[in-house]
Amino acid sequence: MRILALDVGDKTIGVAASDLLLFTAQGVEVIRRTSLTRDMERLRQLIEQYEVTTIIVGLPKNMNGTIGPRGESMQQFASELASLFPDVQVKLWDERLSTVAAEKSLIAADVSRAKRKLVIDKMAAVFILQGYLDSLPRQSLS
């Protein structure tokens, strides 16, 4: 059972998945958006493949914490996911600056601008998911 995170844009959806222990996030792919039906079908395949129990959708809030038009569209997207996949819990997660953090990480790794463009959404999904995973309560090992 894993958690999937989505960084949803107009043209692409960045996807990341957790490990089985829910400690780390790994980039999975970038879905090129064509239609809502095809986007949801690809997500259905990923949900089955990774045995997903929870989907985290990045919620782009304004820097002052308010939700603008982009955030409202993510709320609608999350609602659509929840209705199509009733066995999967869908949560919104504040994604402020996730793309900026992903960009800085890729630049620090000396990834070329052309290659960054291909993976930035996937990396943003990784940052969203890792933030969520880090917020989960952990059992003490002692």
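Scroll up for the structure.
Below or above, wherever it landed, is the structure these notes cover.

### Side note on the sheet that holds strand β3 (residues 25-32)
At step 1: The strand order across the open sheet formed by 5 strands is β3-β2-β1-β4-β5, and the pairing between neighbours is mixed. Each end of this open sheet is capped by a strand with a single partner; those strands are β3 and β5 (89-94). Ignoring which end each strand starts from, the neighbouring axes of this sheet average 25 degrees apart.
At step 2: As paired elements, strand β1 (residues 2-8) and strand β4 (residues 52-59) share 5 bridges and run parallel to each other. Among the inter-strand pairings, Arg 2 is bridged to a residue of β4, identified as Val 52.
At step 3: In the packing of helix α1 (residues 36-50) onto the sheet, contacts are made with β1, β2 (12-18), β3 and β4, and the angle to β3 comes to roughly 155 degrees.

### A short note on the layout of surface pockets
At step 1: Each pocket or cavity is described by its volume, and for the largest pocket that value is around 170 Å³.
At step 2: Surrounding the largest pocket, 12 residues form its lining, Asp 7, Val 8, Gly 9, Arg 70 and Asp 121 being those nearest its centre.
At step 3: Looking at the lining of the largest pocket, the elements with two or more residues in it are β1 and α2 (69-84).

Parameters at a glance
Residues numbered from 1 in each chain as written. Predicted model: local features only at pLDDT ≥ 70, side-chain atom pairs only at ≥ 80, totals over all residues. Heavy atoms only, no water. Pairing = 2+ DSSP bridges. Helix = DSSP H or I, 4+ residues; strand = E, 2+ residues; numbered from the N terminus. Axes fitted to C-alpha atoms, helices over the stretch in contact; angles between N-to-C directions. Contact = heavy atoms within 4.5 Å. 1 Å grid on protein atoms, 1.4 Å probe; cavity = no way out; pocket = protein on both sides within 12 Å on 5 of 7 lines; lining within 4 Å. Points joined across faces, edges and corners; volume = space filled by probe spheres on them.

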